[in-house]
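# Chains, contacts and geometry: an overview
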Amino acid sequence: MNRVVTTYHQRVAQEKRALIVTAATALFLELGYDRTSLARIAERSGVSRATLFKQFPSKAALFDAIVTGSWSTTDEVEPPPAGNVVAGLGAIGHRYAELLSRPQMTDLFRIVIAELPRFPELAHAQFSHGKMPYFESVRGYLLAEHKAGTVRIEDVDVAATQFLGMISNYVFWPKLLVPDWEVSAVRIAQVVDEAVKTIAARYGATGASGE
């Protein structure tokens, strides 16, 4: 019985946390980070101030939660095992495209860009808690493939940047500037596939496929 009660309370807490994060994101976009108070966020999300402060003692902590949520994946967080660079990059590329296609990712970047002159710490939080950990996971995967002999990469930082950039430059950045920019699922798959082929052809140790 106690386990049932505990599970219920955990689920309620998670639901309230999601409401708070959603309300905060909307208010940061509407009013700006500085003009949005925790009290206003509590009111918009429909939770008590005590509940909000228990979850997030500061706006900085709340923004960190927005970053973490925007960059979190629904499937495995670890990179694929080394051994087949085409399959591995394909899985990473589709996961990255899915992340970039989320509305909350666009919202996150718009908040950071709008508030950068006054609150550069938001950009640092976005970079250190979101983008950089994801980049490091891709870098680590390419390094593992290099050690396995499936690719030959002298600079894994450059290779990871090339791969992610080929995807984000088509899937994400135009959408950030053009509100009605839409990319179909079929087109996204094509973009990812071409990025994989390009990296495999450039760095593959046993031919263009890298297999």
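Above this text you will find the structure in question.
Residues numbered from 1 in each chain as written. Predicted model: local features only at pLDDT ≥ 70, side-chain atom pairs only at ≥ 80, totals over all residues. Heavy atoms only, no water.

## Concerning the packing of aromatic side chains
- A complete count under the given rule lists nine aromatic pairs for this structure.
- Aromatic pair Y33 and F119: ring centres 5.1 Å apart, planes at 65 degrees, arrangement edge-to-face. One end of the pair, Y33, is in the loop between α1 (2–31) and α2 (38–45); the other, F119, is in the loop between α6 (103–115) and α7 (120–148), with 86 residues separating them in the sequence.
- For Y33, a relative accessible area of 7% puts it in the buried group.
- Relative accessible area serves as the criterion here: at 15%, F119 is assigned to the buried category.
- Plain terms: the ring middles of F109 and W173 are 5.5 Å apart, the flat faces sit at 85 degrees to each other, and that makes the pair edge-to-face. Of this pair, F109 sits in helix α6 while W173 is found in helix α9 (residues 173–177), placing the two residues 64 residues apart along the sequence. (Phe/Tyr/Trp six-rings, centres within 6.5 Å; stacked < 30°, edge-to-face > 60°. Helix = DSSP H or I, 4+ residues; strand = E, 2+ residues; numbered from the N terminus. Buried < 20%, exposed > 50% of the residue type's maximum accessible area, 1.4 Å probe, protein only.)

## Notes on the pattern of salt bridges
- Enumeration over the complete set of coordinates arrives at seven salt bridges.
- In this structure, E30 and R44 form a salt bridge, with 3.0 Å as the shortest nitrogen-oxygen distance. Residue E30 is found in helix α1, and its partner R44 is found in helix α2; the two are separated by 14 residues along the sequence.
- With relative accessibility at 42%, the residue R44 sits in the partly exposed group.
- In this structure, R139 engages D157 in a salt bridge whose closest nitrogen and oxygen atoms are separated by 2.5 Å. Remark: D157 occurs in helix α8 (residues 156–171) and R139 occurs in helix α7; sequence separation between them is 18 residues. (Salt bridge = Lys/Arg side-chain N within 4 Å of Asp/Glu carboxyl O.)

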